[in-house]
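Take a look at the letters that make up each chain.
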Amino acid sequence: MAVTLLEHDGGARIALTFAHPKGNILTAALVSEWRRVLAGLAASSRAQHIKLLTIEGAGNDFCFGANIPEHAPGVIEQVLPDMNALILDLLTLPMPTMAVVRGRCLGGGFEVALACDVIVAEASATCGLPEIAIGAFAPIASVLLPRRVGGARATAALLSGLSRSAVEWQADGLIERVALDGHVSDAVDEWYQASVGRWSAEALRHAVVAARADVLAAARAGLPVTTRLYVESLAQTHDAAEGVTAFLEKRAAVWTDR
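How each quantity is defined
- Residues numbered from 1 in each chain as written.
- Predicted model: local features only at pLDDT ≥ 70, side-chain atom pairs only at ≥ 80, totals over all residues.
- Heavy atoms only, no water.
- Core = buried A, V, L, I, M, F, W, Y, C linked by side-chain atoms within 4.5 Å.
- Buried < 20%, exposed > 50% of the residue type's maximum accessible area, 1.4 Å probe, protein only.
- Contact = heavy atoms within 4.5 Å.
- Helix = DSSP H or I, 4+ residues; strand = E, 2+ residues; numbered from the N terminus.
- Pairing = 2+ DSSP bridges.
- Axes fitted to C-alpha atoms, helices over the stretch in contact; angles between N-to-C directions.
- Parallel < 35°, antiparallel > 145°, perpendicular 65-115°, else oblique.
- Left-handed = near helix turned anticlockwise from the far one by under 90°.
- Nonpolar A, V, L, I, M, F, W, Y, C, P; charged D, E, K, R; others polar.
- Salt bridge = Lys/Arg side-chain N within 4 Å of Asp/Glu carboxyl O.

Caption draft 1: Up close: the nonpolar core. Membership of the largest hydrophobic core comes to 57 residues, with the highest contact counts inside it found for Phe18, Trp34 and Leu144. Excluding its chain neighbours within four sequence positions, the residues that come into contact with tryptophan 34 are Val3, Leu16, Phe18, Leu26, Ile55, Leu86 and Val112. Leu52, Val118, Val120 and Val188 belong to the second-largest nonpolar core, a separate cluster that totals 14 residues.

Given below as structure tokens:
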């Protein structure tokens, strides 16, 4: 697993790629490495000159989501606060951010995309929150998604567990551009050249602070609430444990509604 940075346009644009052999799943170790890389980038002297940080998963998919074994009681208590911290790192990073989505963008991966200022995706990409299928819910998306697409659409996504196409999410105002498969990099280049690439990095840094003010305040207030609900209540139930066990045993879960 790895998190790498690559400079473009003389360092004005930085590409972050994260990789894990199994669908770029967000293991605790990968989240920790990602936070270390972002902290180093934010503290570097070049940070004030960066006009865009793009974030993408290696290979054909953005991210399959969190590591399911780490959802188990006794583990999730540590993993979820670390994931919350990564989201806050992204929301306070002093530069515009963009999620570049190919393939599947699920669960925790979708939550990472929601913490970015802009999302660009390939036409065949799908985004969704399947946590409900393992007897869980998406605590970070429960806070961020309503502020991106509105309460009704967010609730439908959180409760259904269904993935939706990039085109559908674009219609809801979440995705900025949808590119033909194989051409998402071109769409990123075009968006950069037409917008942030033309402006002062200093002005952009102040603009993202202003633009993120509402969602950042919501995250700081809401994430501790959804985390407590998950860790102190849901994670203690039979069905939460059954959902993880059934997934790992590759069988249908047997719900007892308790």
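Caption draft 2: Structural detail: the environment of glycine 243. Structurally, the position occupied by glycine 243 is in helix H9 (residues 238-248). Residue glycine 243 is classed as buried on the basis of its relative accessible area, which comes to 2%. With near-sequence residues (within four places) excluded, glycine 243 lies in contact with Ile134 and Trp255.

Caption draft 3: Seen up close, the sheet that holds strand E2 (residues 13-19). Within the open sheet, the six strands sit side by side as E1-E2-E3-E4-E6-E9. Their pairing is mixed. The sheet is open, and its two edges are formed by strand E1 (2-8) and strand E9 (177-179), each paired on a single side. Across the sheet, the mean angle separating the axes of adjacent strands is 20 degrees when strand polarity is ignored. As paired strands, strand E3 (residues 52-57) and strand E4 (residues 97-101) are joined by three bridges and run parallel to one another. Looking across to E4, one finds that isoleucine 55 is bridged to alanine 99.

Caption draft 4: A look at the sheet that holds strand E5 (residues 104-106). Strands sit in the order E5-E7-E8 across an open sheet of three strands; the sheet is mixed. One side of each edge strand has no neighbouring strand; the edge strands of this open sheet are E5 and strand E8 (164-165). Alignment of strand E7 (residues 126-128) against E8, held across two bridges, turns out to be antiparallel. Following the sheet pairing, threonine 126 is matched in E8 by serine 165.

Caption draft 5: Region of the structure containing the packing of helix H2 (residues 76-92) against helix H3 (residues 107-114). The interhelical angle for the contact between H2 and H3, taken along N-to-C directions, is 25 degrees, at an axis separation of 9 Å. Classified by the angle between their axes, H2 and H3 sit roughly parallel to one another. Here H2 and H3 pass one another in a crossing that is right-handed. For the pair H2 and H3, the contacting residues are Met83, Leu86, Ile87 and Leu90 in the first and Gly108, Glu111 and Val112 in the second. Residue composition of the contact of H2 with H3, grouped by class: five nonpolar, one polar and one charged.

Caption draft 6: Examining the packing of H2 against helix H4 (residues 139-149) more closely. The N-to-C vectors of H2 and H4 enclose an angle of 30 degrees; their axes lie 10 Å apart at closest approach. As far as their axial angle goes, H4 and H2 are roughly parallel. Together, Leu80, Met83, Asn84, Ile87 and Leu91 of H2 and Pro139, Ile140 and Leu144 of H4 make up the contact between the two elements.

Caption draft 7: Just the side chain of glutamate 122, in detail. With respect to the helices, strands and loops of the structure, glutamate 122 is situated in strand E6 (residues 118-122). The class of glutamate 122 is buried, set by a relative accessible area of 9%. Ignoring sequence-local partners within four residues, the contact set of glutamate 122 consists of Val101, Arg102, Ala166, Val178, Ala179, Leu180, Asp181, Gly182, His183 and Val184.

Caption draft 8: Broad picture of the pattern of salt bridges. Under the criterion given, the structure shown has 14 salt bridges. Across the pair aspartate 89 and arginine 35 runs a salt bridge whose closest N-O atoms are separated by 2.6 Å. Of the two residues, aspartate 89 is situated in helix H2 and arginine 35 in helix H1 (residues 28-43); the sequence distance between them amounts to 54 residues. Taking the relative accessible area as the measure of exposure, arginine 35 reaches 32% and is therefore partly exposed. A salt bridge links arginine 251 to glutamate 242; the shortest N-O distance between them is 2.7 Å. We classify glutamate 242 as buried; its relative accessible area is 11%. Salt bridges sharing common partners tie together Asp9, Arg13 and Asp189.

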